[in-house]
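Architecture at a glance
Each chain is listed here by its residues.
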Amino acid sequence: MKILFVCLGNICRSPTAEGVFQALVNKAGLSEKIKVDSAGTSGCHVGERADSRMRDHAMARGYELTSISRKFDEHRDFEHYDKIVVMDALNYRDVLELGPEYKNKIFMMTDFCKSHNEEKVPDPYYGGPAGFEKVLDIVTDASEGLLEEIKKEL
Ligand code: 4NP
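Rules used throughout
- Residues numbered from 1 in each chain as written.
- Predicted model: local features only at pLDDT ≥ 70, side-chain atom pairs only at ≥ 80, totals over all residues.
- Heavy atoms only, no water.
- Helix = DSSP H or I, 4+ residues; strand = E, 2+ residues; numbered from the N terminus.
- Rg over C-alpha atoms; globule rule 2.2 N^0.38 Å.
- Buried < 20%, exposed > 50% of the residue type's maximum accessible area, 1.4 Å probe, protein only.
- Areas by Shrake-Rupley, 256 points an atom, 1.4 Å probe, with all protein chains shown as cover.
- Lys, Arg positive; Asp, Glu negative; His and termini not counted.
- Charge placed at Lys NZ, Arg CZ, Asp CG, Glu CD.
- 1 Å grid on protein atoms, 1.4 Å probe; cavity = no way out; pocket = protein on both sides within 12 Å on 5 of 7 lines; lining within 4 Å.
- Points joined across faces, edges and corners; volume = space filled by probe spheres on them.
- Nonpolar A, V, L, I, M, F, W, Y, C, P; charged D, E, K, R; others polar.
- Axes fitted to C-alpha atoms, helices over the stretch in contact; angles between N-to-C directions.
- Parallel < 35°, antiparallel > 145°, perpendicular 65-115°, else oblique.
- Left-handed = near helix turned anticlockwise from the far one by under 90°.
- Contact = heavy atoms within 4.5 Å.

A count of helical and extended segments in the chain gives 5 helices and 4 strands. From first element to last, N terminus to C terminus, the chain shows the α and β order β-α-β-α-α-β-α-β-α. Against the globule reference of 15 Å for 154 residues, the chain gives a C-alpha radius of gyration of 14 Å, in line with a compact fold. By its C-alpha atoms, the chain is 40 × 35 × 30 Å across when sized along the principal axes. Counting all 154 residues of the chain, 48% fall into the buried class. Counting every atom, the chain has about 7700 Å² of accessible surface; 48% of that belongs to carbon and sulfur. Across the chain, the 21 positively charged side chains and the 27 negatively charged ones have centroids separated by 3 Å.

Have a look at this one:
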């Protein structure tokens, strides 16, 4: 099972989803069965590490974000991944536009939340510390729900 998390820049939300979800997968002993990656639709930050603010907030909760930003590649990613999990409606629209025939592989991260009732993982880039905490809150909740779903499919 291969999962790709997607946001706009691949420096805040999707690297967090990748790091948090990978930690859950490792804890569950499923790292051989579930492969995790992340990408961005914009390509504006390709080659960069995750935003230092995002990394600091994640580290405070015990998650080390190690990913390097890359652009979503419609020529490879739609075929390679089983699920493409996006952070907001803009990401959803952008990814769907690149491959409408893959609609059944594209999911909203927040649809996997169990205790949060949110429509998106809000972009924290231009805001303050609370935005980064909110990303972690929602992503942690959704990651748990996503893993439960995937376990049923393994
Ligand atoms: P992300 O956040 O999509 O969660 O990685 C953003 C990062 C950069 C920008 C916007 C959002 N930007 O405009 O550069």
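Now, onward.
Once that is clear, we can look at the layout of surface pockets. One number sums up the size of the largest pocket: a volume of about 190 Å³. Along the wall of the largest pocket there are 13 residues; nearest its centre are Leu8, Gly9, His45, Asp123 and Tyr125. Class assignment for the residues of the lining of the largest pocket results in 7 nonpolar, 4 polar and 2 charged.

Contact pair helix α1 (residues 13-27) / helix α5 (residues 129-153): the axes reach a minimum separation of 9 Å and the direction vectors enclose 50°. The angle between α1 and α5 places the two elements in the oblique class. Seen along the crossing, α1 lies across α5 with a hand that is right-handed. On α5, the residues touching Arg13, Thr16, Ala17, Val20, Phe21, Leu24 and Val25 of α1 are Val135, Leu136, Val139, Thr140, Ser143, Glu144, Leu146, Leu147 and Ile150.

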